[in-house]
Amino acid sequence: MTAYVLKGVSVLGASPVDLVVRDGVISSDKSGVSEVVDADGLVALPGLVDLHTHLREPGREDAETVETGSRAAALGGYTAVFAMANTSPVADTAGVVEQVWRLGREAGLVDVQPIGAVTVGLAGKQMAELGAMASSAAGVRIFSDDGHCVADPRLMRRALEYVKAFDGIIAQHAEEPRLTEGAQMHEGEVSTRLGLTGWPAVAEEAIIARDVLLAEHVGSRLHVCHVSTAGSVEVLRQAKARGVRVTAEVTPHHLLLTDELAASYDPVFKVNPPLRTASDVAALREALIEGVIDIVATDHAPHAVQDKECEWAYARPGMVGLETALSVVLSVLGERWDLIAERMSRAPARIAGLAGHGTDLAPGSPANLTLVDPSAHRVVDPGELASRSRNTPYAGTTLPGRIVATFLRGEPTVLDGKAVK
Ligand code: DOR
Ligand code: ZN
């Protein structure tokens, strides 16, 4: 195994040091190092961990595959991603989650951890074989019907009870479906002006309120996907103050973009939950800094051209995000490296119980890390993305920061800003 020295690197913004990567771990032994990486001016972070990625395989390989999504993740500084279950077929059996897990190992660019569906076919009627997925080779610990809400409270309660036995998590896409029928964007002034059916904030907040009560009652772990409203933050704040076992994520796009963008009628801005108001964005930022929201997760949602470049009403919701996430977070939080490492690496690894990721970059730790050039800026060009899809809302905008290198267990997956394979 090649040994690397990252010369003059700043670990989380501290004074420059030489960091050695050897035999899969961080080391202080510089003897026999064969490769020197000039890391002058670069910041090292523990490899990023994404709890919410759509990789589309099996079924929609025209939009993304485990391999192309893994490459996009590595280029974004990630060393582990959790693949959502809304594939075709749905990841609701041991067979499908093992397939995704195996494809991830074969690609070898990031650790791909499958998320299992909560209900058969994401249909919300019958609980999937959670136990079989948990005891499969994929070792699933997180279950979600993401894309759909587990709306039936009895089913949600049973799923929470079921996963308690192995300290599993139900990750909820909080959307009361009766309140969002026909919804096209956030319900508010802009939707009224544009004449589009609104998706009210209360449809998210009501489900989160219900689910924190269920999680509290059962004593199980709930994770709330893509929190998007100020009201949701208040519900979470109260639940956490009471000691409910709840964690929550926010996406980069909900930290930066607002519903005003829908006025362009460009479906690249259509996403679920929808972009909200500037005051929601401000509340989400504050909650992320405080820790009421635990992590940033991308909700990377690649879509084929024909599913996105059409009339707003027919376009699928979702945005790609893996390759721009760190830059967006940098533009929102600034160079608060320790906070960024906590919200994008340590906390997601801890929530998921993912060993070997999100650990301090100290001698003996697994060499899962990424090197960022904070002084670089780039204009986002959808044509340059490694993702198979192009639906980035940042096309043509300038974002700070560039991922220069990523290491997975001591092997580079990205060097000089380019994927190694
Ligand atoms: O915008 C979204 N896209 N939200 C979801 O919940 C699902 C996702 C997808 O799968 O495209
Ligand atoms: Zn979702």
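These remarks concern the structure in this document. Small disclaimer: the values here were computed from a predicted structure and weren't measured. (Residues numbered from 1 in each chain as written. Chains lettered and ligands numbered in written order. Predicted model: local features only at pLDDT ≥ 70, side-chain atom pairs only at ≥ 80, totals over all residues. Heavy atoms only, no water.)

**Remarks on the packing of helix H6 (residues 201-218) against helix H7 (residues 230-241)**
- Packing of H6 against H7 brings their axes to within 9 Å, and their N-to-C directions diverge by 10 degrees. On the basis of their axis angle, the class for H6 and H7 is roughly parallel. Along the contact surface, H6 presents Glu204, Glu205, Ile208, Ala209 and Val212, while H7 presents Gly231, Ser232, Val235, Leu236 and Ala239. (Axes fitted to C-alpha atoms, helices over the stretch in contact; angles between N-to-C directions. Helix = DSSP H or I, 4+ residues; strand = E, 2+ residues; numbered from the N terminus. Parallel < 35°, antiparallel > 145°, perpendicular 65-115°, else oblique. Contact = heavy atoms within 4.5 Å.)

**Here's the deal with the coordination of the zinc ion (ligand 2)**
- Of the protein atoms, only Asp146 (OD), His173 (ND1) and His226 (NE2) coordinate the zinc ion (ligand 2), at distances of 1.8 to 2.4 Å.
- Around the zinc ion (ligand 2) sit four donor atoms; with metal-centred angles ranging over 83 to 127 degrees, the donor geometry is irregular.
- If you list the donors of the zinc ion (ligand 2) from N- to C-terminus, the spacing comes out as D-x26-H-x52-H. Of this pair, Asp146 sits in the loop between strand E9 (142-143) and helix H4 (153-164) while His173 is found in the loop between strand E10 (169-172) and strand E11 (185-186), placing the two residues 27 residues apart along the sequence. (Donors = N, O, S within 2.8 Å, 3.2 Å for Na, K, Ca; no water. Tetrahedral: all angles 85-135°; square planar, octahedral: opposite > 155°, others 65-115°.)

**Points about helix H12 (residues 337-352)**
- Here H12 contains 16 residues, and its C-alpha end-to-end distance of 21 Å stays within 8% of the 22 Å for a straight helix at 1.5 Å per residue.
- Where H12 bends most, the angle comes to about 40 degrees, and this point is Arg343.
- Of all 16 residues in H12, 14 are buried; the element is thus mostly enclosed.
- Gly353 lies just past H12 and shows a positive phi near 65 degrees. (Expected span 1.5 Å × (residues − 1). Bend = angle between axes of the 7 residues up to and from the residue. Buried < 20%, exposed > 50% of the residue type's maximum accessible area, 1.4 Å probe, protein only.)

**Section: the side chain of Asn391**
- Within the secondary structure, Asn391 is located in the loop between strand E16 (369-379) and strand E17 (398-408).
- Polar side-chain contacts of Asn391 include one of 3.1 Å to the backbone nitrogen of His303.
- A distance of 3.1 Å separates a polar atom in the side chain of Asn391 from the backbone oxygen of Gly318.
- Residues in contact with Asn391, not counting those within four places in the same chain, are Val268, Ala301, Pro302, His303, Lys308, Gly318, Met319 and Val320. (Polar contact = N/O pair within 3.5 Å; in protein donor to acceptor, adjacent residues only side chain to side chain.)

**Some remarks on unusual backbone geometry**
- With an omega dihedral of 5 degrees, the bond running from Glu57 to Pro58 counts as a cis peptide bond.
- Mapped onto the secondary structure, Pro58 falls in the loop between strand E6 (48-53) and helix H1 (66-75).
- Residue Pro89 follows Ser88 across a cis peptide bond; omega there is 0 degrees.
- Residues other than glycine seldom take positive phi values, yet Arg56 does so here, at roughly 70 degrees.
- Overall, Arg56 belongs to the buried group, its relative accessible area being 12%.
- If you check the backbone angles, His226 has positive phi at about 25 degrees while not being a glycine.
- Tracing the sequence through the fold places His226 in the loop between strand E13 (221-224) and H7.
- Judged by relative accessible area, which is 2%, His226 ranks as buried.

Geometric values such as these leave the question of function open.
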